[in-house]
Every structure is written in structure tokens, then in C-alpha cells.
Amino acid sequence: MKFTDSPVIELKVRNALLSIEQDNGSMHVGTSVWPCSLVLVKFLERWSLTYASSPSTPNPYTHLLNFSGKRAIELGCGCGPAGMGLSLLGLDIILTDISPVMPALKRNLKRNKPILGKTLKTAQLYWNNPNQIKTLNPPFDFVIAADVVYIEESVGSLVSAMESLVADTGFVLLGYQLRSPEAHKLFWELCEKVFVIEKVPHEDLHPEYAYEEADVYVMTKKKEG
């Protein structure tokens, strides 16, 4: 699979085909589909299928695949490919982004409702707004984020939001590509203070969605003391 700037991106998840409409001419980056969202979904799909077909086979990601009864939230969901894909894998997820992106998100949720079988939950969220974070009723078992690190000014709020939203025993699942050296440096400096960071080996990604520049990270909160 090669990533393109086509107006419509298709993403096959199990037996379903999501169709995500982009607005590449928009002033907002959230109205385009970014590669890491696809990489993240297909990574989890790969190992969930392995687990389903042969549960006795050693699987290094079993701890990430038990979605039953778990709550999840996606930060900076954009057009919604990651959230929709993970919903098809069985995750109960709230998709969040800033106000200007909401029309594109809701348009795509409506477009894919027959495939999703339901209307996914959405919420407006600015990472630096503690009242909005509180309204979401954290903590969550999973915090999902893909291609959200590209502006240095927003990094502090992003890491703080991730820390506030994820449960002490929860996971941050991050699809990541270096977009800005300054944002990159600050993001990982801040993350290392609060999270234990594990990078998924590239060979563990879905072979058709293992873009050279895209990585997946699993992060957990550091234990106090």
C-alpha cells in the first residue's frame, strides 16, 4: 500500500472497507489522512488476527488486544481513520479534535456509518483546556494518537493531556513520524519524564503498512516513587 494524496483513502480492517474523504485544500492539517493513523490500525489488526486465529501462539502484544470493557480516547483524530479502524477491531472509543476539524470528522463518520454499524462518540478537545479534559471523565484504558507532534508550541499541552487522560494501568498508543525537529526533541524529553516508552520493532508492523518514516510506540505511566 502506497500512501497518496487522493481525495479518498480506503482502509481495509478485517472484512470491512473504510472510505475516508479528505479535504487536502483545507487550512487545517486535520482534514487530511496522515500515514501514521493507518500504520497504527494495521499494526493492531495484524496482531489481533494472530491472537484470534491461534491464541496459544506467543504474541508480544496480547496485553494490548483485550478491548472488552475498555474505554479509549483518540487525540487529534482528524478525519477519523484511526478511531474508526480501532472501533472495527472492537475498541469503545471517543474521537476528539478541535472545532474546525469537526465537520470533516462528522462527515466521514456519517459516510462510514453503514460499515461501522453505529455512530461513534465525538468530543471537541483542546489539549490545554482542563475543563474539557475533566468533562471526558478520565481515566481511559487507552489513549490513541497518530501524527499529532508537529508544532512545538502544542507539545507541552499534548503530553499533559495524555498524562491526565490515561489510567495508571493504561496504555498510550502512538503513531509517530518526525515532522519538526524542535517539536520532536521537546516531545520526547517531556514524555521520558512521565512515561515508560517502548518502540514497536518495524518488523512487527503490518508488512504492507510499514512505512520507513512511521513508527508505533506503546507508552505507560511511570510508577511514582
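You'll find the structure just up there.
Predicted model only: the values in this text are computed from it and were never measured.

Asks: Help me understand the pattern of salt bridges in this model?
Replies: Think of it this way: side chains of opposite charge can pair up when their charged atoms draw near. Applying the stated criterion across every chain yields a total of seven salt bridges. Linking glutamate 189 and lysine 185 is a salt bridge whose minimum nitrogen-to-oxygen distance equals 2.8 Å. On the criterion of helical spacing, the pair formed by glutamate 189 and lysine 185 is a turn pair, its members being four residues apart in helix 7 (residues 181-194). The class for glutamate 189 is partly exposed, based on a relative accessible area of 36%. Taking the relative accessible area as the measure of exposure, lysine 185 reaches 53% and is therefore exposed.

Asks: What am I meant to see in the sheet that holds strand 4 (residues 92-97) here?
Replies: Backbone-to-backbone hydrogen bonds join strands into a sheet, with any given pair of strands oriented parallel or antiparallel. The strand order across the open sheet built from seven strands is 5-4-3-6-7-9-8, with neighbouring strands paired in mixed fashion. The open sheet terminates on both sides in strands that have one partner only, identified here as strand 5 (121-124) and strand 8 (195-199). Averaged over all adjacent pairs, the angle separating strand axes in this sheet is 20°, with direction ignored. Here strand 3 (residues 71-75) pairs with strand 6 (residues 140-146) via four bridges, running parallel. Looking at the pairing, glutamate 74 lines up with isoleucine 144 of strand 6. Together, strand 3, strand 6, strand 7 (166-176), strand 8 and strand 9 (215-221) form the strand contacts of helix 6 (residues 152-165), whose direction differs from that of strand 7 by roughly 140°.

The rules we used
Residues numbered from 1 in each chain as written. Predicted model: local features only at pLDDT ≥ 70, side-chain atom pairs only at ≥ 80, totals over all residues. Heavy atoms only, no water. Salt bridge = Lys/Arg side-chain N within 4 Å of Asp/Glu carboxyl O. Helix = DSSP H or I, 4+ residues; strand = E, 2+ residues; numbered from the N terminus. Buried < 20%, exposed > 50% of the residue type's maximum accessible area, 1.4 Å probe, protein only. Pairing = 2+ DSSP bridges. Axes fitted to C-alpha atoms, helices over the stretch in contact; angles between N-to-C directions. Contact = heavy atoms within 4.5 Å.

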